[in-house]
Amino acid sequence: MEITKKNFSEELPSILEAVQNASFFAMDCEFTGLASDRLIFPFDTPEEVYLKTIDASPQYIVVQFGLCAFRVEPAGEGERDVPPRVTYKCYNFYCYPKGRTHVFSCQGESMRFLADNGFDFNKLFREGLSYATEADEQRFRAEMKERQAVRAAALKAAAEEDANEGDPKPIESDISLIPVPEENQQQIDDTEARIGEFLKSDEKEVIVGNGNAFQRKLIYQMIEQRYLGKVSTTTVTLEDNQKAIKVERKRSPEEEQALEQQRIVKENEELEAKVGLSLVLQELSKARKLIVGHNMLLDLLYILRQFFKPLPVDYKEFKKLTKEIFPLLLDTKYLCTNAEIKVSVNSSVLAHVYDAVSKPPFCIPEVHPELPAHEYSVENDKQHEAGYDAYLTGLCFLGLVSRFKVDLHDPTKDPILKKYLNRIFILRLADINYINLCGNEPTHSRDHVFYVTFPETWRTNDVVAKFKPFGPVHLNWMDSTSAFVTLHNRVASNTVLKTIGYHTGFTIYSFAQFTQMKLQRTGTKRGRNDSDGATATGSEAAGGIVGKSNGQKEEEKKQKIESHGTKRTADEKQDGDPVGGSWKTVKRTRTTFNDNDNW
């Protein structure tokens, strides 16, 4: 079911009810841009990946949010061995910021990708739901309560004045009055005459002041001076969305109170529309139920930032915040790393996972929409529509957990599945490929990993040949002139730096040296690298073995190794993207790197 501002208020009660009654959820998002992963190296830590990701995507936003609420019907008597009955309600929310203060970024490739997959941008811009962070919502509510309190005090004062003195006298002079500019005087005189004619007629009301805000303020001032106690006023919105003033004969205190109640109801509705999609996300957080996503790191980061709170720079604080808002998360892409599943699931792209789990040894139980309006079908493929992808993610989850015969009535209690809860998959990482929201990630020795740079003309065989004496190796290319080399024979790693062969332009670093250079680059970025002293190149400072003569070293200190990054392809959440990067050696006191495209 598509949800826009046209049907949001009408559907909100049923959406909240679906959230309350669901057994688990699947979600997916479409964005205006993807955080660049060119800077993510295979042996980065999860913390480094988190910090790089939030730094590279500060103003991209969610423009479509898909939520599929699955309900596993309780088993009846004698139905323990009968497959569970699963129903769902699926929603596809369009989301667009409201107001002049909201600014966001767009990535050209991502927007074109959405357009190529049928995204309706007209619907987004015209009918997209508003949203608000927790701080914005609190501010909106405080401002509304303040306006209502001011009006309540004015109504009370007016009622007391009517009871004590009868008709109040018009205000003749006031030092706080705004002087009427000459160019506005004729409009004020015409409006005053029009109200006078209205009071002599049988008309029930008259509309005046359809100008700008300052002109309306002058008219309100004139009415308080000339017609206080004779008329009542209300701000109204005309068909062309212009504001105006509705003037009626003086209402009784009871009528004013009834009108105020109507105003309060309308303001609450407007506030609800202003907070918009955030109301659904808040209810999802309150439910404290399992939420399933596929390759959900960006989905999670963007949702937290856009609908709840700014993302903290501190990695532990990020984990704490995530657990507070969404205590039970499962990433099906990480679940696909399970040894039993990997045997049958060759690709973790969402559509490929569904194809795999649709066949033995997996079994997807039958699922049925609770209402036709909520229905999706794999026969009617709508990939990259957030609602459909959420639905497909839920089906993949049901299929994957069938491998372990998980009890769908309470899947989070399953001992196998527990190992995958709250672990968010990270692309590109070679060993620790997840964020553990419930604790620290494990650490691995990387003494068998080496960082090498070489001439651009080299190919894989050229690099592998340098390591031939040490047995089989695995290459992770960084760009056209650098790579990580991982030895299968860890015992041999102790002798690599001492015995590696010589070649002009070839440089090798241990992983510890590579890490040290990264730290020095970070220090330079923060302005801690400006002291005077002896100079050293990156290779010299880190102790790497360099296959160059002294003259070549001095010459190449001044040369920049250009990156040959590869453009992203429009695949499932960046699946299969290559990585790129570059580095530059400069003559300074420490090894330094120029910008975020380095290291």
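Note that the structure is a prediction, hence the values are computed from the model and not measured.

What follows deals with the overall build of the chain. When helices and strands are counted, the chain shows 21 helices and 19 strands. Looking at the chain residue by residue over its 599 residues, the buried ones come to 49%. Nonlocal contacts in the chain, meaning residues at least 24 apart in sequence, comprise 75% of its contacts between residues at least 6 apart. On the chain, roughly 30,300 Å² of surface is accessible, and the fraction owed to carbon and sulfur atoms is 49%.

Taken as a whole, this structure holds 36 aromatic pairs when the rule is applied. Ring geometry for Tyr131 and Phe307: centres 5.6 Å apart, planes at 70°, overall edge-to-face. In this pair, Tyr131 is assigned in the loop between helix H4 (121-127) and helix H5 (134-165) and Phe307 in helix H10 (residues 297-307), connecting sequence segments 176 residues apart. A residue is classified by how much of its surface remains accessible, and Tyr131, at 8% relative accessible area, is buried. Ring-pair connections join several aromatic residues into one group, and the members of that group are Phe24, Phe70, Tyr88, Tyr376, Tyr388, Tyr391 and Phe397.

All right, on to unusual backbone geometry then. Here Pro360 and Pro361 are connected by a cis peptide whose omega angle stands at 10°. Topologically, Pro361 is positioned in the loop between helix H14 (350-357) and strand E10 (367-369). Even without being glycine, Asn295 reaches a positive phi, approximately 50°. Inspection of the secondary structure puts Asn295 in the loop between strand E8 (290-293) and H10. If you check the backbone angles, His384 has positive phi at about 75° while not being a glycine. Along the chain, the position of His384 falls in the loop between E10 and helix H15 (386-401).

Our next topic: the pairing of strand E16 (residues 507-510). Alternating residues of E16 divide into Thr507 and Tyr509 and Ile508 and Ser510, and every residue in both groups is buried. Examined bridge by bridge, strand E13 (residues 449-453) and E16 share four bridges and lie antiparallel to one another. By the bridge assignment, Tyr451 is partnered in E16 with Tyr509.

Most of E13 is tucked away, with five of its five residues classed as buried. Residues Val449, Tyr451 and Thr453 of E13 are buried on one face, and the alternating residues Phe450 and Val452, pointing to the opposite face, are buried as well.

Along helix H11 (residues 315-325), the positions that sit buried rather than exposed are Tyr315, Phe318, Lys319, Leu321, Thr322 and Ile325. An end-on view of H11 places all buried positions within 165° of arc, on one side of the element. The inward-facing, buried residues of H11 contact helix H2 (46-56), helix H9 (277-287), H10, strand E9 (329-331) and strand E12 (434-436). Between the side-chain oxygen at the start of H11 and the backbone nitrogen of Lys316 there is a gap of 3.0 Å, and the oxygen is on Asp314.

What follows deals with the pattern of salt bridges. Scanning the entire structure with this criterion turns up 20 salt bridges. One salt bridge in this structure joins Arg85 and Glu73, with 3.8 Å as the shortest N-O distance. Residue Arg85 is located in the loop between strand E3 (62-72) and strand E4 (86-94), and its partner Glu73 is located in the loop between E3 and E4; the two are separated by twelve residues in the primary sequence. Judged by relative accessible area, which is 48%, Arg85 ranks as partly exposed. By relative accessible area, Glu73 is classed as partly exposed at 22%. A salt bridge links Arg226 to Glu192, with the shortest nitrogen-to-oxygen separation between them at 4.0 Å. In this pair, Arg226 is assigned in helix H7 (residues 213-226) and Glu192 in helix H6 (residues 182-200), connecting sequence segments 34 residues apart. A residue is classified by how much of its surface remains accessible, and Glu192, at 26% relative accessible area, is partly exposed. It is possible to trace a salt-bridge network through shared partners that takes in Arg147, Arg151, Glu260, Arg263 and Glu267.

What follows is about the packing of H2 against H10. Orientation of H2 relative to H10, taken along the N-to-C sense of each, is 55°, at an axis distance of 11 Å. Relative to H10, the element H2 is oriented oblique. By crossing handedness, the relation of H2 to H10 is classed as right-handed. Facing Val49, Tyr50, Thr53 and Ile54 of H2, the residues of H10 in contact are Leu297, Leu298 and Leu301. Of the residues in the contact of H2 with H10, the class split is six nonpolar, one polar and no charged.

Let's shift gears to H9. Counting buried residues in H9 gives nine out of eleven residues, a clear majority hidden from the surface. Directly after H9, the chain includes Arg288, whose backbone phi takes a positive value near 55°.

Glancing now at the sheet that holds strand E7 (residues 243-249). Strand order in the open sheet formed by three strands is E5-E7-E6, and the pairing between neighbours is antiparallel. This sheet does not close on itself; its edge strands, each paired only once, are strand E5 (205-208) and strand E6 (231-237). Taken pair by pair, the neighbouring strands of this sheet meet at an average axis angle of 30°, ignoring direction. When E5 meets E7, the two strands line up antiparallel, connected through four bridges.

Now for the nonpolar core. With 69 residues, the main nonpolar core has Phe65, Phe93 and Phe326 as its most contacted residues. Per-element tally for this core: the top contributor is H10, with eight residues. If sequence neighbours within four positions are ignored, Phe93 has contacts with Ile3, Ile15, Val63, Gln64, Phe65, Leu67, Leu129, Leu277 and Val280. With 43 residues, the next largest nonpolar core counts Phe24, Val292, Val367 and Cys396 among its residues.

Per-residue confidence for the chain gives a mean pLDDT of 83; residues scoring 70 or more make up 83%. Within the model, pLDDT remains below 50 along residues 527-599, and this stretch shows 170 contacts once partners closer than five positions in the same chain are excluded.

There is a patch of like negative charges on the surface, built from Glu47, Asp314, Glu317 and Glu324. In this structure, Glu317 sits in helix H11.

Right, let's talk about the environment of Phe318 for a bit. If you trace the backbone, Phe318 turns up in helix H11. Measuring from C-alpha to C-alpha, the distance between Phe318 and Leu304 comes to 9.7 Å, with 14 residues separating the pair along the chain. In contact with Phe318, not counting residues within four places along its chain, are Tyr50, Leu301, Leu304, Leu311, Pro312, Ile435 and Leu437.

Each value, and the rule that gives it
Residues numbered from 1 in each chain as written. Predicted model: local features only at pLDDT ≥ 70, side-chain atom pairs only at ≥ 80, totals over all residues. Heavy atoms only, no water. Helix = DSSP H or I, 4+ residues; strand = E, 2+ residues; numbered from the N terminus. Buried < 20%, exposed > 50% of the residue type's maximum accessible area, 1.4 Å probe, protein only. Contact = heavy atoms within 4.5 Å. Areas by Shrake-Rupley, 256 points an atom, 1.4 Å probe, with all protein chains shown as cover. Phe/Tyr/Trp six-rings, centres within 6.5 Å; stacked < 30°, edge-to-face > 60°. Pairing = 2+ DSSP bridges. Arc of directions from axis to C-beta. Polar contact = N/O pair within 3.5 Å; in protein donor to acceptor, adjacent residues only side chain to side chain. Salt bridge = Lys/Arg side-chain N within 4 Å of Asp/Glu carboxyl O. Axes fitted to C-alpha atoms, helices over the stretch in contact; angles between N-to-C directions. Parallel < 35°, antiparallel > 145°, perpendicular 65-115°, else oblique. Left-handed = near helix turned anticlockwise from the far one by under 90°. Nonpolar A, V, L, I, M, F, W, Y, C, P; charged D, E, K, R; others polar. Core = buried A, V, L, I, M, F, W, Y, C linked by side-chain atoms within 4.5 Å. pLDDT = per-residue confidence, 0-100. Patch = residues over 30% accessible without salt bridge, like charges linked within 9 Å, V, L, I, M, F, W, Y side chains within 5 Å. Lys, Arg positive; Asp, Glu negative; His and termini not counted. Charge placed at Lys NZ, Arg CZ, Asp CG, Glu CD.

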